[in-house]
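Chain by chain, the residues:
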Amino acid sequence: MQQISDYELELMKTIWGNNGSALYAEIVSALSAKGLNWTKNTIITLLSRLIDKGLLKTNKIGHRNRYTAIISADEYQSSQTEIFLDKIYEGNARDLVATLIQKDLLSASDYDNLREHWQAITRNIAPDQ
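Summarised in this report is the structure supplied together with it. Worth saying up front: this structure is predicted, and the values here are computed from it rather than measured.

One broad trend across soluble globular proteins is that nonpolar side chains are buried collectively. By size, the foremost hydrophobic cluster in this structure holds 19 residues, and its most contacted members are Leu11, Met12, Ile15, Ile27, Leu47 and Leu56. Where this core is concerned, the elements lending two or more residues are helix H1 (6-16), helix H2 (24-33), helix H3 (40-52) and strand E3 (64-69). Excluding anything up to four places from it in sequence, leucine 11 contacts Ile27, Leu31, Trp38, Ile43, Leu46, Leu47 and Leu50.

This part covers the sheet that holds strand E2 (residues 56-61). Strand order in the open sheet formed by 3 strands is E1-E3-E2, with antiparallel pairing between adjacent strands. Sheet topology places strand E1 (21-23) and E2 at the edges, where each strand pairs with a single neighbour. Between one strand axis and the next, the sheet turns by 25 degrees as a mean value, whatever way the strands run. Against the sheet, H1 contacts E1, E2 and E3, and its axis sits at roughly 95 degrees relative to E3.

All right, on to the side chain of glutamine 80 then. Along the chain, glutamine 80 turns up in helix H4 (residues 73-89). For glutamine 80, a relative accessible area of 17% puts it in the buried group. Those residues in contact with glutamine 80 that lie beyond four places of it in its chain are Gln2 and Gln3.

Cut-offs applied
Residues numbered from 1 in each chain as written. Predicted model: local features only at pLDDT ≥ 70, side-chain atom pairs only at ≥ 80, totals over all residues. Heavy atoms only, no water. Core = buried A, V, L, I, M, F, W, Y, C linked by side-chain atoms within 4.5 Å. Buried < 20%, exposed > 50% of the residue type's maximum accessible area, 1.4 Å probe, protein only. Helix = DSSP H or I, 4+ residues; strand = E, 2+ residues; numbered from the N terminus. Contact = heavy atoms within 4.5 Å. Pairing = 2+ DSSP bridges. Axes fitted to C-alpha atoms, helices over the stretch in contact; angles between N-to-C directions.

As structure tokens, this is what we get:
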């Protein structure tokens, strides 16, 4: 999966937040609600890049375009996590977790929840939410 810029990611988050599909006007409205008042040219350029990268597709509805995510937010997060893990920690998840704990970014409670989640997955039982 291709890397995307922070601005492209913001557009993807907006589309994912709209059930994975949005009209241009819905995108502009959602961005404005976040205090992001980008120009029309900026938004159209970023949307075109996301289409070229294979992350979005577009469907014509009259004179309007509906932009639909080809991948889910979960798929994107998973892909980017693997890339980060390989790039920064050479694939060693234990070192990542150790860093999170050392920097107080992962509490003991979080760690226990992750362990329970892992145990549930390995037993093919859905973890408690």
